[in-house]
Amino acid sequence: MKNIAVGLATLPFLATGAVAAQPEPWQYRFQPAATGIMHEITWFEIYTLWFIVPITILVMLLLGWCVLRFRASANPTPSRTSHNTAIEVLWTVGPVIILLFLAVPSFQLLTAQYTPKEEPALTIKATGVQWYWDYEYQLEEPLSFTSLILHEEDRPGSGKEDKAVYPRLLAVDNEVVVPVDTTVRVLVTASDVIHAFAMPSFGVKVDAVPGRINETWFKAEKEGLYYGQCSELCGKDHAFMPIAIRVVAKDQYDTWIAAAREDVGGANKALMAAIEANTKVAAAGN
Ligand SMILES: [Cu+2]
């Protein structure tokens, strides 16, 4: 039964040949992880809840007990005790130990976010501009293009009519295309005001500061189309400068990069057609 439900849920995506990672209505948890770092972030969130929830319950219970047990009518002569060494030690040492249990994995995760496990195979510079993103592939023969929010009137011309895959406010004209299972370094900067480059399912969020280059990295595990947004209030169209990263097979990436040097729009269309053809073959194989 569950398989059928999952199958049905993926059907609209299969039809257009792409799995898209994007926010859902009423979502209150993280987006599904697409990188090792995001798996660790998701784990760490649940780990911290094992501390937060019991502590919250304990404090609420103590509070309730004090309110009821020591209210004026039930306890007319309050205790005059001003000091208790055992309690002082307990409520100092206890939190210190708890904080150590939180700090150690937290700092380990922070370090991992700044330290790629291997030398990145590809470096992309992302520049925030009011109000779009400029991307530069730092290759021997560099490639650069602008990525603007997808305008409604451009949907038919670009083959992006399916709003499940190319949602309003998240879809762009030119996606960043990267190979799957490849460590990608992202250099983040801005040309006017502070923006922020964020990709929730990759566990990436870095400020884009004019005159400064911040560095991050990701290694996407799954092919698909991933969406993020500028995450630093940067002016009137802050809400209209989404980030879209398309993770594809390595050979598809090679074909795309070769074609994109001549014509980014054409290369994107050819890539979309190739992904769709592959998905149809895979679907028929099932
Ligand atoms: Cu911005």
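**Student:** Even after reading the chapter, I still don't get the sheet that holds strand S3 (residues 132-137), so can you show me in this structure?
**Tutor:** Either a parallel or an antiparallel arrangement is found when strands of a sheet pair, and the pairing is made through backbone hydrogen bonds. With mixed pairing, 5 strands are arranged side by side in an open sheet as S4-S3-S2-S6-S9. At either margin of the open sheet sits one strand with a lone partner, and together these are strand S4 (143-147) and strand S9 (214-219). Each neighbouring strand pair of the sheet contributes to a mean axis angle of 25 degrees, computed without reference to strand direction. Strands in contact with helix H5 (residues 250-260) are strand S2 (122-129), S3 and S4; relative to S4, the strand with the most contacts, it is inclined by about 90 degrees.

**Student:** What is the right way to read the domain arrangement of the protein chain from this model?
**Tutor:** Where the parts come together, the accessible area they lose is often given as the size of the interface. Under the domain assignment used here, the protein chain contains domain 1 (36-114) and domain 2 (122-285). With centres defined by C-alpha atoms, the gap from domain 1 to domain 2 works out at 42 Å. Counting from both sides, the interface comprises 8 residues of domain 1 and, opposite them, 9 residues of domain 2. Summing the contributions of domain 1 and of domain 2, the shared interface buries around 530 Å²; its carbon and sulfur component is 45%. Per-residue buried area on domain 1 facing domain 2 is highest for Ile37, Met38 and Gln113; these three make up 58% of the total on that side. Inspection of the region where domain 1 meets domain 2 yields 0 salt bridges. Our count for the contact surface shared by domain 1 and domain 2 stands at 4 residue pairs in polar contact (both at pLDDT 80 or more). Mapped onto the side of domain 1 that touches domain 2, the elements with two or more residues apiece are helix H2 (36-69) and helix H3 (85-114). Looking at which element gives the most residues to the side of domain 1 that touches domain 2, the answer is H2, with 5 residues. Taken together, the residues of the side of domain 1 that touches domain 2 break down into 5 nonpolar, 3 polar and no charged.

**Student:** Explain the nonpolar core to me, please; I cannot follow it from the model alone.
**Tutor:** Across soluble globular proteins, nonpolar side chains have a tendency to be buried as a group. In terms of nonpolar packing, the biggest core is built from 42 residues, with Tyr137, Phe197, Phe202, Ile245 and Trp256 touching the most fellow members. Leaving out residues up to four positions away in the same chain, Ile245 has contacts with Val176, Val178, Phe197, Met199, Phe202, Phe218, Gly224, Leu225 and Tyr226. Core analysis: the second largest hydrophobic core is formed by 10 residues, Leu170, Ala171, Leu225 and Ala244 among them.

**Student:** How do you make sense of the coordination of the copper ion when you look at a structure like this?
**Tutor:** Tetrahedral metal sites with four donors have an ideal angle of 109.5 degrees; octahedral sites with six donors have ideal angles of 90 or 180 degrees. Looking at the copper ion, the protein donor atoms are His195 (ND1), Cys230 (SG), Cys234 (SG) and Met241 (SD), and they sit 2.1 to 2.8 Å from it. Around the copper ion, the 4 donor atoms sit at angles spanning 85 to 141 degrees, and that spread fits a shape best called irregular. Each donor residue of the copper ion lies on the same chain, and together they follow the pattern H-x34-C-x3-C-x6-M. In this pair, His195 sits in strand S7 (residues 195-199) while Cys234 sits in the loop between strand S10 (224-229) and strand S11 (242-248), placing the two residues 39 residues apart along the sequence. Taking the relative accessible area as the measure of exposure, Cys234 reaches 4% and is therefore buried.

**Student:** Looking at this structure, how should I read unusual backbone geometry?
**Tutor:** Working note: non-glycine residues mostly have negative phi, and peptide bonds are mostly trans. Cis geometry is found at the peptide bond from Gln130 to Trp131, where omega equals 0 degrees. For Trp131, the location among the structural elements is in the loop between S2 and S3. The phi dihedral of Trp26 is positive, around 65 degrees, even though this residue is not glycine. Note on placement: Trp26 falls in the loop between strand S1 (20-21) and H2. On the basis of relative accessibility, which here comes to 83%, the residue Trp26 falls in the exposed class. Its identity is not glycine, yet Asp181 carries a phi of approximately 55 degrees, on the positive side. Within the secondary structure layout, Asp181 lies in the loop between strand S5 (176-179) and strand S6 (183-190).

What counts, and where the lines are drawn
Residues numbered from 1 in each chain as written. Predicted model: local features only at pLDDT ≥ 70, side-chain atom pairs only at ≥ 80, totals over all residues. Heavy atoms only, no water. Pairing = 2+ DSSP bridges. Helix = DSSP H or I, 4+ residues; strand = E, 2+ residues; numbered from the N terminus. Axes fitted to C-alpha atoms, helices over the stretch in contact; angles between N-to-C directions. Contact = heavy atoms within 4.5 Å. Domains from an automatic or database assignment. Buried area = accessible area lost by both parts, 1.4 Å probe. Salt bridge = Lys/Arg side-chain N within 4 Å of Asp/Glu carboxyl O. Polar contact = N/O pair within 3.5 Å; in protein donor to acceptor, adjacent residues only side chain to side chain. Nonpolar A, V, L, I, M, F, W, Y, C, P; charged D, E, K, R; others polar. Core = buried A, V, L, I, M, F, W, Y, C linked by side-chain atoms within 4.5 Å. Buried < 20%, exposed > 50% of the residue type's maximum accessible area, 1.4 Å probe, protein only. Donors = N, O, S within 2.8 Å, 3.2 Å for Na, K, Ca; no water. Tetrahedral: all angles 85-135°; square planar, octahedral: opposite > 155°, others 65-115°.

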